[in-house]
Amino acid sequence: MLEQALKTIQKYKMFEPRERVVVAVSGGPDSIALLHVLCALNARLCLKLHVAHLDHHLRKDSRKDLIFVKKAAEGLKIPFYGAVLDARRIEKQASLEDALRKLRYDYILGVCKKTRSKKIALGHTKDDQAETVLMRVLRGSGLAGLSAILPKRDLYGRQAVRPLIEVAKKDVLKYLAAHKIPFRLDTTNFEDRFMRNKIRNNLLPLLERQYNPNIKEVLSNFALTVGADYGYLGQKARLFLNGNMTAGRAGCKIGLSDLLKLDISLRRLAVRQSIELLQGHLKKMTFKHWQEIDDL
């Protein structure tokens, strides 16, 4: 697993020597494996690591996770940053799953600011990639969504990197067992409370049993391929906007004749990027909206 992680790090140029990196550690097998892998490879990577943990406070024993991660960081002689989430902040959000993700990233970005770190290391694996692809398919995503979990992407002025994205969960567990590394299990992962859990616990096992035993590998490779293609198209759309769009306080203007000369895929991407530039996100934008804009 170390060799695969190092190969992924080198392939996507995830780190520079002497960089400060915040490692997001929940205490589960994936994030604990990530922490130990980065420590094992650090003689070659030469990174300044920091551990960040946010207690979601959704389970009675969640405090034990924070204590466990703190001890793990201390044992590896890595600075630890931990906090407990205020439940009142969650209640104001429409989707619990989305709210927790946003609050988690907000906290990690805060740790990045404290430590002057430009990189965030996350423990997503090939299995997480497969789950995300299926989730996006079921929600009707386009290429952006089907890119799923990118190995490396910009995140509010920082970069999120995923050294284990090409490693299977079974290999993570083998690594932990072989090195006798303890970890915590979040029992809510076994509950069909969130859509991701339903896919992990029900849909993926069904597809493995009845359709393709290598479905996780197939979905992961699919996401990486789409991600590379979408990244290239995104660059082309940005180049077009740089030369054909003027932006101001009142909005942005794109020459209609220039826009119509583009292939439909680049035209939609250019419009998508301009909307994201104006409002900072693309929430609630559906295929119907893109179709109506194109028809207009």
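Scroll up a little and you will see the structure.
Since this is a predicted model, take the numbers as computed values, not measurements.

1. With respect to the overall build of the protein
Part 1 of the argument: Counting its secondary structure elements, the protein contains 13 helices and eight strands.
Part 2 of the argument: Rg of the C-alpha trace for the protein: 21 Å, near the compact-globule value of 19 Å for 296 residues, within the 12% margin.
Part 3 of the argument: Projected onto its principal axes, the C-alpha coordinates of the protein cover approximately 65 × 50 × 40 Å.
Part 4 of the argument: Taking all 296 residues of the protein together, the buried fraction comes to 43%.
Part 5 of the argument: Pairs at least 24 residues apart make up 70% of the contacts formed inside the protein by residues separated by at least 6 positions.
Part 6 of the argument: Taken as a whole, the protein presents about 17100 Å² of accessible surface, with 53% of it coming from carbon and sulfur.
Part 7 of the argument: On the protein, the mean spot of the 54 positive side-chain charges and the mean spot of the 31 negative ones are 5 Å from each other.

2. What to know about the layout of surface pockets
Empty space among the atoms becomes visible once a probe the size of a water molecule is rolled across them.
Part 1 of the argument: Reported here for the second largest pocket is a volume of approximately 360 Å³.
Part 2 of the argument: At the level of secondary structure, the elements contributing two or more residues to the lining of the second largest pocket comprise strand E8 (251–254), helix H11 (256–260), helix H12 (264–279) and helix H13 (287–295).
Part 3 of the argument: Top element by residues in the lining of the second largest pocket is H12. It accounts for five residues.
Part 4 of the argument: Here the residues of the lining of the second largest pocket are counted per class, giving 10 nonpolar, one polar and three charged.

3. Concerning helix H2 (residues 29–45)
Side chains of residues three or four places apart in an α-helix project in the same direction, reflecting 3.6 residues per turn.
Part 1 of the argument: With 17 residues, H2 should cover 24 Å at 1.5 Å per step; its first-to-last C-alpha distance of 22 Å lies within 8% of that length.
Part 2 of the argument: Where H2 bends most, at cysteine 39, the angle is about 35°.
Part 3 of the argument: Count one or two residues on from H2 and you reach cysteine 46, which has phi positive near 60°.

4. Observations regarding the pairing of strand E7 (residues 245–248)
Part 1 of the argument: Sheet topology note: the E7/E8 ladder contains four bridges and is antiparallel. Opposite threonine 246, over in E8, you have lysine 253 as the bridge partner.

5. Structural notes on the environment of valine 51
Part 1 of the argument: When you line up the elements, valine 51 lands in strand E2 (residues 48–55).
Part 2 of the argument: The exposure class of valine 51 is buried, given its relative accessible area of 0%.
Part 3 of the argument: Taking C-alpha positions, valine 51 is 9.5 Å from alanine 72, a pair spaced 21 residues apart along the chain.

6. Some words on the nonpolar core
Part 1 of the argument: In terms of nonpolar packing, the biggest core is built from 32 residues, with Phe15, Val23, Leu38 and Leu45 touching the most fellow members.
Part 2 of the argument: At the level of elements, helix H1 (2–11), strand E1 (20–24), H2, E2, helix H3 (62–75) and helix H8 (169–178) are the ones that each hand at least two residues to this core.
Part 3 of the argument: The leading source of residues in this core is H2, at eight residues.
Part 4 of the argument: Residues in contact with leucine 45, not counting those within four places in the same chain, are Leu6, Ile9, Phe15, Glu16, Pro17, Arg18 and Leu38.
Part 5 of the argument: Leu85, Leu100, Tyr107 and Ala160 belong to the second-largest nonpolar core, a separate cluster that totals 17 residues.

Reading the values: the criteria
- Residues numbered from 1 in each chain as written.
- Predicted model: local features only at pLDDT ≥ 70, side-chain atom pairs only at ≥ 80, totals over all residues.
- Heavy atoms only, no water.
- Helix = DSSP H or I, 4+ residues; strand = E, 2+ residues; numbered from the N terminus.
- Rg over C-alpha atoms; globule rule 2.2 N^0.38 Å.
- Buried < 20%, exposed > 50% of the residue type's maximum accessible area, 1.4 Å probe, protein only.
- Contact = heavy atoms within 4.5 Å.
- Areas by Shrake-Rupley, 256 points an atom, 1.4 Å probe, with all protein chains shown as cover.
- Lys, Arg positive; Asp, Glu negative; His and termini not counted.
- Charge placed at Lys NZ, Arg CZ, Asp CG, Glu CD.
- 1 Å grid on protein atoms, 1.4 Å probe; cavity = no way out; pocket = protein on both sides within 12 Å on 5 of 7 lines; lining within 4 Å.
- Points joined across faces, edges and corners; volume = space filled by probe spheres on them.
- Nonpolar A, V, L, I, M, F, W, Y, C, P; charged D, E, K, R; others polar.
- Expected span 1.5 Å × (residues − 1).
- Bend = angle between axes of the 7 residues up to and from the residue.
- Pairing = 2+ DSSP bridges.
- Core = buried A, V, L, I, M, F, W, Y, C linked by side-chain atoms within 4.5 Å.

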